[in-house]
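# A look at the structure
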Amino acid sequence: ALQVLLDAKAKGRVRAVGASSHSVQMVAQLAADARFDVLHPIVNRDGIGVLNGSLSDQLAALRAAKARGAGVYAMKPLAGGHLRYDVVGALEWAWARPEIDAVALGMASHDEVAMAVAVEAGKPVPAAMRAKVAAAPRRIFINTALCNGCGRCVDGCDHQAMSVVEGKARNTRDDCVICGYCLPRCPNFAIRMIVADTGPA
């Protein structure tokens, strides 16, 4: 796949070749490889979801990438919903980091877009807007490709809304109170808190 992209770049069909990873080890390898023009790493204020290393390790790898001229397009600034209670602070941190050129931010409503634009512009976010965004219905999402069925999320759920079925974590939405306590229990960052599907805006 990489060679196909490099050939396309040589022919002028694409301008940049990039790669994405949650792993510090992989990001460090990509940072040192001049074939990659853009890195798309997980990076957020609390280092949640950064695998095989710490946030400081990840930032060091990104500085190395920047030093050789690569672009950094960061993902998961809200850590898959973990930082939903401090959206403004988490976004301010991400946009202020010298290691980061751009941030991939998922937004599910007009209010979330307006809030993100206000934060990026350095404008105050009205309390009513923060409250409205915070009150949006949420649900637990489990990335089964990352789940190894360890059961730590089950042990951390006081409402018995988590279980392991056929080697993968499962959330019983009827019992789930969306407290989010299961999220930090997962060593593989397989559990996320996302905005619930509410139909067309």
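Right above here is the structure, for reference.
Residues numbered from 1 in each chain as written. Predicted model: local features only at pLDDT ≥ 70, side-chain atom pairs only at ≥ 80, totals over all residues. Heavy atoms only, no water.

## Concerning the environment of valine 88
By the secondary structure assignment, valine 88 is in helix 4 (residues 87-96). Look at valine 88 and you get buried, because its relative accessible area is 7%. Put simply, valine 88 and asparagine 52 are 36 residues apart on the chain and 27 Å apart in space, counted from C-alpha to C-alpha. Residues within four places of valine 88 in sequence aside, it is in contact with Met115, Val119, Val125 and Arg130. (Helix = DSSP H or I, 4+ residues; strand = E, 2+ residues; numbered from the N terminus. Buried < 20%, exposed > 50% of the residue type's maximum accessible area, 1.4 Å probe, protein only. Contact = heavy atoms within 4.5 Å.)

## Digging into the pairing of strand 3 (residues 71-75)
Among the five residues in strand 3, four count as buried, and that is most of the element. Judged from the two bridges that link them, strand 2 (residues 38-41) and strand 3 form a sheet pairing that is parallel. By the bridge assignment, valine 38 is partnered in strand 3 with glycine 71. Following the chain from strand 2 across helix 3 (residues 55-67) to the adjacent parallel strand 3, one finds a crossover that is right-handed. In this sheet, strand 4 (residues 102-104) lies alongside strand 3 in parallel orientation, the contact comprising three bridges. Counted as the bridge partner of methionine 75 is alanine 104 from strand 4. For the crossover from strand 3 across helix 4 to strand 4, the handedness is right-handed. (Pairing = 2+ DSSP bridges. Right-handed = clockwise from strand over helix to strand, strands pointing away.)

## Points about helix 2 (residues 24-31)
What helix 2 keeps buried is the set Val24, Val27, Leu30 and Ala31. The buried residues of helix 2 occupy an angular sector of 120 degrees when projected down its axis, which confines them to one face. Elements in contact with the buried residues of helix 2: strand 1 (18-21), strand 2 and helix 3. The N-cap of helix 2, judged by a side-chain oxygen 3.2 Å from the amide nitrogen of glutamine 25 a few residues on, is serine 23. (Arc of directions from axis to C-beta. Polar contact = N/O pair within 3.5 Å; in protein donor to acceptor, adjacent residues only side chain to side chain.)

## Describing the sheet that holds strand 1
Judged by pairing direction, the sheet is parallel, and its four strands sit side by side in the order 1-2-3-4 without closing on themselves. Looking along the sheet, the strands with just one partner apiece sit at the ends: strand 1 and strand 4. Taken over all neighbouring pairs, the strand axes of this sheet differ in orientation by 20 degrees on average, direction set aside. The pairing of strand 1 with strand 2 spans four bridges and is classified as parallel. Of the residues in strand 2, the one forming a bridge with serine 21 is proline 41. (Axes fitted to C-alpha atoms, helices over the stretch in contact; angles between N-to-C directions.)

## So, the nonpolar core
In terms of nonpolar packing, the biggest core is built from 21 residues, with Phe36, Leu39, Val43, Leu59, Leu62, Trp93 and Ile100 touching the most fellow members. Not counting chain neighbours up to four residues away, the residues in contact with phenylalanine 36 comprise Leu2, Val17, Gly18, Ala19, Leu30, Arg68 and Ala70. Ile140, Ala161, Leu183 and Ala190 belong to the second-largest nonpolar core, a separate cluster that totals 15 residues. (Core = buried A, V, L, I, M, F, W, Y, C linked by side-chain atoms within 4.5 Å.)

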